[in-house]
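# Analysis of the macromolecular model
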Amino acid sequence: MPVDSGHSPKSFEILALQKDFDSAWSRSFPGGKSQEQGYVLVWGPDGNLHAVNGGSGTTGTFTPNFNVESGYTIYGMFHTHSYSVAEGGYTGVSLSGADIANLINDSRRQISVVQSGSLQFLMLKTEATPLSVNRSAMNNSENAAISNFVSGGMNFSEASRVAAVNTARQNGLAYYEGSNGVFI
Ligand SMILES: [Zn+2]
């Protein structure tokens, strides 16, 4: 684990799983309604990263199944952020306060990856990350920050990214954005 976000890798490539990420995104609008999709990310005995236990969540949540085969080590999770046309059709929506708290509060997770349209977001724990946070407080304060930014004229997607960057910074998390499995 990096000491802090300043000592984290400058970039990340998860090219091998892009087909899984794209598949999840393509399944995120059944019948025109939003339904988040996701996987658990694990290191396999082959030394490669794998996306396993694919599943569906709700319109605004995805709960990963961390029951993984023996020999596989949990690294984190991936999920989609999908908004139907009726919900505004937003893409490029970053990690929510709840997503970030879920990463922090689960000692098994090192990484959290989100895809929303063609944009992708990644947070990585460091030694500067707290071992636990108040999930509802973090979610509420990030939602309040997003509302403030939107009131100030920012669009919702951009507001979600600025709020996520701030929450990451305040919690010693390295933050990346990217597309097609390349994160900088
Ligand atoms: Zn989420």
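See the structure above.
Sequence order as written defines the numbering, with residues in each chain counted from 1. Reporting in this predicted model follows two pLDDT cut-offs: at least 70 for local features of residues, and 80 or more for side-chain atom pairs to be given and counted; totals over whole chains, interfaces and linings ignore these cut-offs and use all residues.

### Points about the pairing of strand β7 (residues 174–179)
Note: strand β6 (residues 119–124) against β7, 5 bridges, orientation antiparallel. Bridge pairing in β7 places L124 opposite A174. The pairing criterion for strands is at least two bridges between them, as found by DSSP. Note on conventions: DSSP H or I runs of at least 4 residues are helices, E runs of at least 2 residues are strands, and numbering of each starts at the N terminus. Bridge count for β7 against strand β8 (residues 182–183) is 2 bridges, and the pairing is antiparallel. Paired with G178 across the two strands is F183, which belongs to β8.

### Re the sheet that holds β8
Sheets are built from strands that pair by backbone hydrogen bonding, the pairs being arranged parallel or antiparallel. On the basis of which strands lie adjacent, the open sheet formed by 8 strands has the order β1-β8-β7-β6-β5-β4-β2-β3 and mixed pairing. In the strand order of this sheet, the two ends are held by β1 (12–13) and β3 (49–56), each with one partner. Bridge analysis of β1 against β8 gives 2 bridges, and the strand direction is antiparallel. The residue bridging F12 from the neighbouring strand is F183, located in β8. We call two residues in contact when the distance between their C-beta atoms, placed using the backbone, is within 7 Å. Axis geometry follows a simple rule: fit a line to the C-alpha atoms, using only the stretch in contact for helices, then measure angles between N-to-C directions, giving values from 0 to 180 degrees. Relative to strand β2 (residues 37–43), helix α1 (residues 18–26) is tilted by about 160°, and along the sheet it contacts β2, β3, β4 (73–80) and β5 (111–116).

### What about the environment of H79?
Within the secondary structure layout, H79 lies in strand β4. Owing to 25 C-beta atoms within 10 Å, H79 belongs among the buried residues under this scheme. In sequence terms H79 and G57 are 22 residues apart; their C-alpha atoms lie 9.1 Å from each other. Here exposure depends only on C-beta density: within 10 Å of a residue's C-beta, 20 or more other C-beta atoms make it buried, 12 or fewer make it exposed, and intermediate numbers make it partly exposed, the C-beta atoms being placed from the backbone.

### A look at the packing of helix α2 (residues 97–105) against helix α3 (residues 135–151)
With their axes 7 Å apart at the nearest point, α2 and α3 run at an angle of 150° to one another. For the pair α2 and α3, the crossing hand works out as right-handed. Of the residues in α3, those in contact with G97, A98, I100, A101 and N105 of α2 are R135, M138, N139, S141, E142 and N143. Each residue receives one of three labels: charged for Asp, Glu, Lys and Arg, nonpolar for Ala, Val, Leu, Ile, Met, Phe, Trp, Tyr, Cys and Pro, and polar for the others, Gly being one of them. Residue classes in the contact of α2 with α3 are distributed as 4 nonpolar, 5 polar and 2 charged. Less than a right angle of anticlockwise turn of the near helix away from the far helix marks a crossing as left-handed, whereas a clockwise turn marks it as right-handed.

### Regarding the nonpolar core
By definition, a nonpolar core groups buried Ala, Val, Leu, Ile, Met, Phe, Trp, Tyr and Cys residues that are joined through C-beta atoms within 7 Å. Counting residues in each nonpolar core, the largest one holds 34 residues, and the members touching the most others are Y39, L41, F78, I100, L122, M123 and Y175. Setting aside chain neighbours within four positions, we find M123 in contact with L95, I100, L103, S112, A168, L173, A174 and Y175.

### Let's talk about unusual backbone geometry
Positive phi is not limited to glycine here, since N53 has a value of about 55°. Take N53: it is sitting in strand β3. The class of N53 is partly exposed, set by 18 C-beta atoms lying within 10 Å. Located in the positive-phi region is N180, a residue other than glycine, with phi close to 55°. Summarising the element assignment, N180 is placed in the loop between β7 and β8.

### Some remarks on α2
With 7 of its 9 residues buried, α2 lies for the most part within the structure. Residues of α2 that are buried include every one of G97, D99, I100, A101, N102, L103 and I104, and no others. Of the surrounding secondary structure, the elements contacted by the buried residues of α2 are β5, β6, α3 and α4 (156–170).

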